[in-house]
Amino acid sequence: MKWSVQLVNFIKILCWSLLTVASGILLVSASAYLYLSPSLPSVESLRDAKLQTPLRVYSQDNLLIAEFGEKRRTPIQFEDTPLNMVQAFMAAEDDRFYYHPGVDIMGLMRAAVQLVSTGGIQSGGSTITMQVAKNFFLSHERVFSRKFNEILLALQIEQELSKDEIFELYLNKIYLGNRAYGVESAAQIYYDKSISELTLAQIAMIAGLPKAPSRYNPINDPKRALIRRDWILGRMKNLGYVTPEEYSEAISQPVTASYHGARIELEAPYVAEMVRQHMLEQYGSDAYSEGFKVYTTVNSELQKAANLSVANGLMAYNERHGYRGPLTNLFENVPEEGWQQRINKTSSLGILLPAMVTQVGEEEVKIGLKNSNTGSISWENMKWAKPFLTVNSFGYAPKAPSDVLKAGDHIWVRITTDGSYRLAEAPLAQSALVSLHPENGAILALVGGYNFYDSMYNRATQAVRQAGSSFKPFVYASAIANGMTAATIINDAPIVFDEEGLEDSWRPNNDNMKFNGPMRFREGLYRSRNLVSIRVLRQTGITKTIQYLKQLGFREESLSRDLSLSLGNVSMTPLELATGYAVLANGGFRIEPYFIQRIETVDELYFEAEPVIACNESCMARQNESTMAIEGQEDTLSEDLLSQDNLYKEIFEAATIAEENSAEENSQSDAVSEATPNIAKSVMSPQINYIMNDIMNDVIWKGTGRRARALKRHDIGGKTGTTNDSKDAWFVGFNPDILTAVWVGMDDYSTLGRWEYGANAALPTWLEYMHTALDGKPEHKRSQPEGLVTLKISRETGKLAHPGDPNAIFEIFRQEYAPQQLSDENLPSLGDMDSEMNQPFSPEELF
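Scoring rules and cut-offs
- Residues numbered from 1 in each chain as written.
- Predicted model: local features only at pLDDT ≥ 70, side-chain atom pairs only at ≥ 80, totals over all residues.
- Heavy atoms only, no water.
- Helix = DSSP H or I, 4+ residues; strand = E, 2+ residues; numbered from the N terminus.
- Buried < 20%, exposed > 50% of the residue type's maximum accessible area, 1.4 Å probe, protein only.
- Areas by Shrake-Rupley, 256 points an atom, 1.4 Å probe, with all protein chains shown as cover.
- Axes fitted to C-alpha atoms, helices over the stretch in contact; angles between N-to-C directions.
- Parallel < 35°, antiparallel > 145°, perpendicular 65-115°, else oblique.
- Left-handed = near helix turned anticlockwise from the far one by under 90°.
- Contact = heavy atoms within 4.5 Å.
- Phe/Tyr/Trp six-rings, centres within 6.5 Å; stacked < 30°, edge-to-face > 60°.
- Lys NZ or Arg CZ within 6 Å of the ring centre and 35° of its normal.
- Salt bridge = Lys/Arg side-chain N within 4 Å of Asp/Glu carboxyl O.
- Pairing = 2+ DSSP bridges.
- Nonpolar A, V, L, I, M, F, W, Y, C, P; charged D, E, K, R; others polar.
- pLDDT = per-residue confidence, 0-100.
- Core = buried A, V, L, I, M, F, W, Y, C linked by side-chain atoms within 4.5 Å.

1. Let's talk about the overall build of the chain
Counting its regular elements, the chain contains 25 helices and 28 strands. Taking all 847 residues of the chain together, 51% fall into the buried category. Put simply, the chain shows about 40100 Å² of open surface, and 51% of that area lies on carbon and sulfur atoms.

2. Things to note about the packing of helix H15 (residues 472-481) against helix H18 (residues 542-552)
To characterise two packed helices, one gives the angle between the axes of the helices and the distance between these axes. H18 packs onto H15 with a crossing angle of 110° between their chain directions and a minimal axis gap of 9 Å. As far as their axial angle goes, H18 and H15 are roughly perpendicular. H15 and H18 meet at a crossing whose hand is right-handed. Note on element contacts: H18 touches H15 through Lys544, Thr545, Tyr548, Leu549 and Leu552, opposite Phe474, Ala477, Ser478 and Ala481.

3. A word on the packing of aromatic side chains
Across all of its chains, the model carries 21 aromatic pairs by this definition. Between Phe474 and Tyr581, the aromatic rings sit 5.2 Å apart at their centres with planes inclined by 85°, giving edge-to-face as the arrangement. Of this pair, Phe474 sits in helix H15 while Tyr581 sits in helix H19 (residues 574-585), and the two are 107 residues apart along the sequence. Residue class for Tyr581 comes out buried when judged on its relative accessible area of 0%. Look at Tyr476 and Phe521: their rings are 4.8 Å apart centre to centre, the planes differ by 65°, and that puts the pair in the edge-to-face class. With a gap of 45 residues between them, Tyr476 in helix H15 and Phe521 in helix H16 (residues 521-526) connect regions that are remote in the sequence. Phe521 carries the same exposure label as Tyr476, and that label is buried. Counting every residue linked through ring pairs, the aromatic cluster contains Phe78, Phe89, Phe97, Tyr98, Phe167 and Tyr170. The ring of Tyr216 has Arg228 sitting right over it, with the charged end atom 5.5 Å from the ring centre.

4. Looking at the pattern of salt bridges
Tallying each qualifying case throughout the model produces 30 salt bridges. Salt-bridge contacts for Glu319 lead to Arg422; the nearest nitrogen and oxygen are separated by 2.9 Å. Remark: Arg422 occurs in strand S11 (residues 421-424) and Glu319 occurs in helix H12 (residues 300-321); sequence separation between them is 103 residues. Accessibility expressed as a relative area gives 16% for Arg422, which makes it buried. The partner of Asp694 in a salt bridge is Arg522, and the shortest N-O contact between them spans 2.8 Å.

5. Details of the sheet that holds strand S12 (residues 430-436)
The strand order across the open sheet built from 5 strands is S13-S12-S26-S25-S24, with neighbouring strands paired in antiparallel fashion. Edge strands, defined here as strands with exactly one partner in the open sheet, are strand S13 (443-447) and strand S24 (717-722). Ignoring which end each strand starts from, the neighbouring axes of this sheet average 5° apart. In terms of strand pairing, S24 meets strand S25 (residues 728-735) through 6 bridges, oriented antiparallel. Of the residues in S25, the one forming a bridge with Gly721 is Trp730. Lying over the sheet, helix H24 (residues 758-773) contacts S12, S13, S24, S25 and strand S26 (738-745), oriented at roughly 30° with respect to S25.

6. Describing the sheet that holds strand S2 (residues 64-68)
Spatial strand order, S2-S1-S3-S19-S20: 5 strands in an open sheet with mixed pairing. Looking at strand neighbours, the two that pair on one side only are S2 and strand S20 (605-608), the edges of this open sheet. Averaged over all pairs of adjacent strands, the angle between their axes in this sheet comes to 15°, without regard to strand direction. Judged from the 3 bridges that link them, strand S19 (residues 596-600) and S20 form a sheet pairing that is antiparallel. Note that in S20 the partner of Arg598 across the bridge is Glu608. Helix H11 (residues 269-283) contacts strand S1 (55-58), S2, strand S3 (293-296), S19 and S20 of the sheet and is inclined by roughly 50° relative to S19.

7. Regarding the packing of helix H9 (residues 222-238) against helix H10 (residues 244-251)
In the contact formed by H9 and H10, the axes pass within 10 Å of each other and the chain directions differ by 175°. The orientation of H9 relative to H10 falls into the category roughly antiparallel. Between H9 and H10, the contacting residues are Arg229, Asp230, Leu233, Gly234 and Lys237 on the first element and Pro244, Tyr247, Ala250 and Ile251 on the second. Looking at the contact of H9 with H10, its residues break down into 5 nonpolar, 1 polar and 3 charged.

8. Concerning unusual backbone geometry
Generally, phi is negative for residues other than glycine and the peptide bonds are trans, each holding for most cases. Phi at Ser372 takes a positive value of approximately 65°, unusual for a residue other than glycine. Its place among the elements puts Ser372 in the loop between strand S6 (364-368) and strand S7 (374-378). Exposure remark for Ser372: the relative accessible area of 56% places this residue in the exposed category. Even without being glycine, Ser726 reaches a positive phi, approximately 50°. For Ser726, the location among the structural elements is in the loop between S24 and S25. The exposure class of Ser726 is buried, given its relative accessible area of 6%.

9. Observations regarding the confidence of the model for the chain
Mean pLDDT over the chain stands at 84; residues scoring 70 or higher make up 79%. In this model residues 630-675 is a low-confidence stretch, pLDDT under 50, and it forms 46 contacts with partners more than four residues away in sequence or in other chains. Counting contacts from residues 825-847, a segment whose pLDDT is below 50, to residues more than four positions away or on other chains yields 41 contacts.

10. Notes on the nonpolar core
Counting residues in hydrophobic clusters, the biggest one holds 86 residues, and the most contacted among them are Phe471, Phe474, Leu552, Tyr581 and Leu739. No other element matches H19, which puts 8 residues into this core. Look past the residues within four positions of Tyr581 in its chain and what remains in contact with it is Ser470, Pro473, Phe474, Met696, Lys719, Val732, Phe734 and Leu739. Formed by 49 residues, the second largest nonpolar core is a distinct cluster that contains Ile76, Met90, Ile195 and Tyr247.

11. What about the pairing of S26?
Burial within S26 is extensive, with 8 of its 8 residues counted as buried. Direction of pairing for S12 relative to S26: antiparallel, over a ladder of 7 bridges. Looking at the pairing, Gln430 lines up with Gly745 of S26. Note that S25 and S26 share 8 bridges and pair antiparallel. Bridging across to S26, Phe734 finds its partner in Leu739. Between the end of S25 and the start of S26, which pair antiparallel, lie 2 residues.

If you want it as structure tokens, here you go:
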């Protein structure tokens, strides 16, 4: 009896003790909750949580160009997640996720047992919900208050979000090593796949990373990662997530992970850098983490063509100047065991691949490539390799492969269109290409140099170079605007300037050192005669010409205020020159180039381009019709308006004003109204523009741009350009739908070589690119505007041809400047012409 009384007392004491402990725990918990809960963040913010997502740059047709940002993340929806992936993470982290309220007592007890029995924890005590709370709201500091906050937040999160919403946040937020945040980025980085393409073994490998992304990383420590993967697969089998057969298949798979950078789909690094700089200026450091998607104006097919044409153009330049020799000889300078390693470690250089000569034969050379691959170079693909001496000279042509290479040479090769290897070397010169839509300025393709990763210097937008003869069309356009015609006779004869104030006499010359005497204005441009250009500028006047050039959009500070302006003594970037040519290509309108079409995030549009548009005659007609429909009547314009060179521009302005007034007075106009485009300013009359286009078409068919005849098109105009001592070579060509400028030169401003001109250094690159750009496109020629007449003239005098003149040709004139005299009436003699054109020059006209 005594024993039973003692037992009852012990039980009472034990119960009171347990009650006291429980009350204490409850009191402490309540106190902690009351103390900590006011500082807890709002769980509702998780619904609108912005995951730090990198800046991504795309082409106009949605190909990835670049990715910028410390964290690589591609958010996914829970419903798009494979079931095996959900189960793998549950097996690894929280198999009771769908049953507990956010805190799993059983999981905590299991973790404690594992710690006691094995000295380590395989499955963590924190639930997935607790990890979401920690990752979104809390620091990783190991203190009690942080852990208690984690538990409180987990309970609160479970009250306000569904289980699937919590799991989606977890899968998108977790860090999985190698800058991968979220499972989709991890799949791309480790396996170059989307999560939907992963095998069960690969899914289990990724699921093993949250516990220790570095320790269990399959790239850093594949053995330890394999142990972790297999443990997770075993858990999945024990939990009934996979069958024994699926388990056996998955566990037999080797580690296949390797590092994969951002899946770049289009190489346009210079464009990507332009976007990055713009975004950094606009949005600061947030540009790298707010998930911006920037869609550029770049066309992927044209960009690929631009990349290849620039590379091929520079390779062709190299081959014209001879071979500078191999990088080194591995047999002589590197131990045998290091030969292949040296090739494997040598990065490709644009289209160039590293190789080692293994054997030299009579007709070919055997080569070793990366990863122990082999190949050969035929004699046909290396016989170009005359020894390079200087840019102006080279040695004797080789007669056999042994004259060029020997065994052990570490060389560059490139792959030709037929798949064979061709001896090559790093470019000696540099090049830039910019292609844009002349109607609105959208940049369709841009290459700023041979290899961005070797030099980030963007020559298309940053290299300020002399334009040379490629600038002449603008000087000639100014002359036409000031009364000259395409038939004006100009003397192609020597001039010597020996004025006071000049240190030396200036004796400008033509590139071939020859003179052709009197010739028509048109011929002077398409044959690019320097002495004709000088006389054209002098007759027009430097001040008038500069005013006209400013109107076209050229910066006054870049324009020389002397006669050298006529020879292209103007410094500008390839993009600036292309922008000027857009006026010629689009009918006479001044546009601004742009490269960003829109900027957006997942849920917001931040920017969309609204470029000014060149509104030519067909565009004007459409706008006019729209205005008439809105007003319900036809407006007539005064006769003096009809006489102006900017007729079409003023018609549209009048129509637009009428449309706006009508919209204010009549709300029913919404039925027929459309978004009115931003109309570009007209800076060159349609008549002058048409004449200039016609002359520049002659550059292709009769003049310095004859190589472009290979396109077999009659809607192309263009102009070559070469500066003094061949330091710069240019070709700019266009039709109404596309305009492309190509520059070739040395970064140090040294000469390209005495035989390098725009026609052979730049034009071939332009031609290769335009073959792709115009492939399958119909010819597009502008219709002749009103105010022009076509007359038969004398080839020698530029006057009206006498009836029956067998040498008569057709020429286009503005109506008010059409010749009235027959060719034999009151003609000036050559002596008179020379007297008129060779009056003393004022000092301000000279250098």
